[in-house]
Amino acid sequence: MNAALAARGVLALAALAAAWDIISSDERFNRIPNRRLLFYLGLAGAGYAVLLAAAMAASFGGLGLSFPYPPWGYFPAAAAQPALGAAAAVLLWRLGQWPAGDAKLFAVASFWLAVADPASPLLPWRLPLVFLMNVFIPAAVFVLVRTAVWVWRDKLRHGAGFWRQMGPRRLPQYLKEGTAELKASLKDSWARWRANTAE
């Protein structure tokens, strides 16, 4: 089992290294070359071959295992999982939710998921769903943070000095006056709207 766990760790590290390289390329060139994606797709295929060889060796008493690792049931699930991930990527691309580059990256990453964690209980159909959730949730957090930074930088930062000079003692009076102005403006707008509709 130690050899199998070591192989699993090596595959997981290889998947992380591939992800880092692809993200770095996207940051530098604002695109992910197809050759790079095909290269890592080939590496994922090599990972499947390694796991298949390990299972076959274990079946014949190799690696010190008394059972195949990964179990033979892994391979049909490992074939279905990237197919489901690729289908989700193509669907999101066709719906206009993802650009083509993101869809291709997700499809390639789907091939790595089952390689990086052959013992995952989420195989086959739940793993693409979890992967999608872990893609969109950090993206939503990133967009939220970027929006907060933009609001502070472009809308609130220039008024921060005004709020500091006003101080907490004058804040209630300022809010009261602002509320009164808002009410007066709304009342005036309502009166003009009634006058225009009555004509």
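The rules behind the values
- Every chain begins its residue count from 1, and numbering advances along the sequence as written.
- Where local features are concerned, this predicted model is filtered to residues with pLDDT of at least 70; where side-chain atom pairs are given and counted, the filter is 80 or more; whole-chain, interface and lining totals use all residues.
- Note that the side-chain values use all heavy atoms of the structure and ignore hydrogens as well as water.
- Definitions used throughout: a 1 Å grid over protein atoms alone; a cavity as a set of points that fits a 1.4 Å probe which cannot get out; a pocket as an open set with protein on both sides within 12 Å along at least five of seven lines; a lining residue as one with an atom within 4 Å of a point.
- Grid points are joined across faces, edges and corners, and a volume is the space filled by probe spheres set on the points.
- Only DSSP runs of H or I with at least four residues qualify as helices, and only runs of E with at least two residues qualify as strands; both kinds are numbered from the N terminus onward.
- Polarity classes work like this: nonpolar for Ala, Val, Leu, Ile, Met, Phe, Trp, Tyr, Cys and Pro, charged for Asp, Glu, Lys and Arg, and polar for all others, with Gly in that last group.
- The criterion is simple. A nonpolar core is a set of buried Ala, Val, Leu, Ile, Met, Phe, Trp, Tyr and Cys residues joined through side-chain atoms within 4.5 Å.
- Buried residues are those whose accessible area, probed at 1.4 Å on protein chains only, stays under 20% of the maximum for their type, while exposed residues exceed 50% and partly exposed ones sit between those limits.
- Residue contacts follow a heavy-atom distance rule, with two residues in contact if any of their heavy atoms lie within 4.5 Å.
- Residue-level confidence of the predictor is summarised by pLDDT, bounded by 0 at the bottom and 100 at the top.
- Centres within 6.5 Å are what make two rings of Phe, Tyr or Trp a pair, Trp counting through its six-membered ring; a difference in plane orientation under 30 degrees is then read as stacked, over 60 as edge-to-face, and the rest as tilted.
- Placement of a charge over a ring requires the Lys NZ or Arg CZ to be within 6 Å of the ring centre, with the centre-to-atom vector within 35 degrees of the ring normal.
- One less than the number of residues in a helix, times 1.5 Å, gives the span that helix is expected to have.

Engineer: Where do I start with the layout of surface pockets in this structure?
Structural biologist: A probe matching the size of a water molecule, rolled over the atoms, marks out where space remains unfilled. Considering only enclosed or pocket space, the largest pocket measures out at about 1000 Å³ in volume. Lining the largest pocket are 26 residues; nearest its centre among them are Ile-23, Leu-105, Ala-109, Phe-131 and Val-135. Residue assignment for the lining of the largest pocket shows that the elements contributing at least two residues are helix H1 (2–29), helix H4 (100–116) and helix H5 (126–198). Its residues placed into classes, the lining of the largest pocket shows 22 nonpolar, 1 polar and 3 charged.

Engineer: Mind showing me how you'd approach the nonpolar core here?
Structural biologist: Considering soluble globular proteins, one finds that nonpolar side chains tend to be buried as a cluster. Ranked by size, the top nonpolar core spans 11 residues in total: Tyr-48, Leu-51, Ala-55, Tyr-74, Phe-75, Ala-77, Ala-78, Ala-114, Val-115, Leu-123 and Leu-127. Listed by contribution, the elements that provide at least two residues to this core are helix H2 (34–59), helix H3 (74–94) and H4. No other element matches H3, which puts 4 residues into this core. Those residues within four positions of Ala-78 in sequence are excluded, and the remaining contacts are Tyr-48 and Ala-114. With 10 residues, the next largest nonpolar core counts Ile-32, Leu-37, Tyr-40 and Ala-44 among its residues.

Engineer: Could you clarify how one ought to interpret the confidence of the model for the chain in this entry?
Structural biologist: Overall, the prediction assigns the chain a mean pLDDT of 76, with 82% of residues at 70 or greater. Mean pLDDT values over the elements of the chain span from 72, in H1, up to 85, in H3.

Engineer: What exactly am I supposed to notice about the packing of aromatic side chains here?
Structural biologist: For any two aromatic rings, the description comes down to two numbers: the centre-to-centre distance and the angle of the planes. Inspection of every chain in the model, using the stated rule, returns 2 aromatic pairs. When the ring of Phe-39 is compared with that of Tyr-40, the centres are 5.1 Å apart and the planes differ by 70°; the resulting orientation is edge-to-face. Residue class for Tyr-40 comes out buried when judged on its relative accessible area of 10%. Geometry around Trp-93 places Arg-94 over its ring, the cationic atom sitting 5.6 Å from the centre.

Engineer: Would you mind showing me how to read H4 here?
Structural biologist: Note that an α-helix has 3.6 residues per turn; residues three or four places apart therefore point the same way. A rise of 1.5 Å per residue sets the reference length of H4, with its 17 residues, at 24 Å; its end C-alpha atoms lie 24 Å apart and thus fit the reference within 8%. Regarding H4, the residues found buried are Ala-103, Phe-106, Ala-107, Val-108, Ser-110, Trp-112, Ala-114, Val-115 and Ala-116.

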